[in-house]
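Residue-level structural notes
Here is how the chains run, residue by residue.
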Amino acid sequence: MRRIGCHVSIAESITKAPARAKELGCEVFQMFTRPPQGGPAPKITPEIAEQFKLEMKANNQSECYIHAPYYINFASANKVIRATSAKNIREELERGSQIGAKYVMFHLGSAKDMERAEALKITAEGVARVMDGYKGSTELLLEISAGAGNIMGDTFEELKEIIKLSGYNLGICLDTAHIFASGYDFRTAEEMGKTLDAISKTVGQEAIKLIHANDSKNDLGEHKDRHEHIGEGKIGQEGLVQIMSTFNLDLILETEHDKVEQDIRILKAIRDDLSNG
Ligand SMILES: [Zn+2]
Ligand SMILES: [Zn+2]
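Residues numbered from 1 in each chain as written. Chains lettered and ligands numbered in written order. Predicted model: local features only at pLDDT ≥ 70, side-chain atom pairs only at ≥ 80, totals over all residues. Heavy atoms only, no water.

Here's the deal with the overall build of the protein
Looking only at helices and strands, the protein has nine helices and 10 strands in total. For 277 residues, the compact-globule formula gives about 19 Å, and the C-alpha radius of gyration of the protein, at 18 Å, lands near that figure. In terms of overall dimensions, the protein has a C-alpha envelope of 50 × 45 × 30 Å along the principal axes. Within the protein, the fraction of its 277 residues that count as buried is 52%. Here the analysis covers contacts within the protein between residues at least 6 apart in sequence; of these, 75% occur between residues at least 24 apart. Roughly 12,200 Å² of accessible area belongs to the protein as shown, and the carbon and sulfur atoms make up 49% of that amount. Of note, the protein has its 34 positive side-chain charges centred 5 Å away from the centre of its 42 negative side-chain charges. (Helix = DSSP H or I, 4+ residues; strand = E, 2+ residues; numbered from the N terminus. Rg over C-alpha atoms; globule rule 2.2 N^0.38 Å. Buried < 20%, exposed > 50% of the residue type's maximum accessible area, 1.4 Å probe, protein only. Contact = heavy atoms within 4.5 Å. Areas by Shrake-Rupley, 256 points an atom, 1.4 Å probe, with all protein chains shown as cover. Lys, Arg positive; Asp, Glu negative; His and termini not counted. Charge placed at Lys NZ, Arg CZ, Asp CG, Glu CD.)

A short note on the coordination of the zinc ion (ligand 2)
Surrounding the zinc ion (ligand 2) are the protein donor atoms H178 (NE2), D225 (OD), D225 (OD) and H227 (NE2), which sit 2.0 to 2.6 Å from the metal. Seen from the zinc ion (ligand 2), its four donor atoms lie at angles of 54 to 137°, and the figure they make is irregular. Separating the zinc ion (ligand 2) and the zinc ion (ligand 1) is a distance of 5.3 Å. Here the residue H178 occupies a position in helix α6 (residues 176-181), and D225 occupies one in the loop between β8 (215-216) and β9 (227-228), the gap between them amounting to 47 residues. Judged by relative accessible area, D225 falls into the partly exposed class, the value being 41%. (Donors = N, O, S within 2.8 Å, 3.2 Å for Na, K, Ca; no water. Tetrahedral: all angles 85-135°; square planar, octahedral: opposite > 155°, others 65-115°.)

Details of unusual backbone geometry
The phi torsion at R2 lies on the positive side, around 55°, for a residue other than glycine. In this structure, R2 sits in the segment before β1 (4-7). The phi dihedral of H223 is positive, around 55°, even though this residue is not glycine. In this fold, H223 is placed in the loop between β8 and β9.

Some points on the state of the cysteines
Using the criterion set out here, one finds zero disulfides in the structure. For C6, which is in no disulfide, the shortest distance to another cysteine sulfur is to C26 and amounts to 3.5 Å. On the accessibility criterion, C6 (0% relative accessible area) is buried. (Disulfide = S-S within 2.5 Å.)

Written as structure tokens, this is what we have:
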């Protein structure tokens, strides 16, 4: 759909998020539903869920997305951490279903002192555990990572393997800064074509469901996850033009809020150019 928005704060209550998003110029938005670094999840009562949906309507948003907390680790050697990760993501899916969120995306985690094959296997088992018996409406997306250290899921091959092993047909959230850090170039039509080939040969283009649109402070293949404002990093505006002309998907910015409104305006301008050209 190429609706454009950003990650917004849920300070005080999730019901405040839609108006905050609108204020920044978002047509769609993303949020956490719980503290991302840890701590209990604030309860979503039926009243809060209803209020949230009314706020979205009042602010002209028909879709929203949930980013899972950061402490999730499906590749941990510690069974308790893996079990808690699965429980938390399942809760996010259930909470998302309560408020009508379309997707929950999450970072797979990091494997330390473990064979890659074993790490892939236990990660897929964790994902399957999340999905087992799930009947809600919110869909789960695996987010491709920048691949720092032993972080899982930094290539489309690996994501394909995890999806296959899990036995569930899950989608992918493509973060432009992450794939760039992982070594996928898309700054020219030719490079975009090669990256699209890599996607087609693995997960398939239809598996990509959502774009995290971020420029990158670090260069191609540096495996560092540092977001930059659109056009001010190593990707540049042309890279976003290539992404937007390739994927007809919603785009969520995860850049600092000092200039996120400018980032939103840039992406809207790129979209207008594409539809006029
Ligand atoms: Zn993320
Ligand atoms: Zn990132």
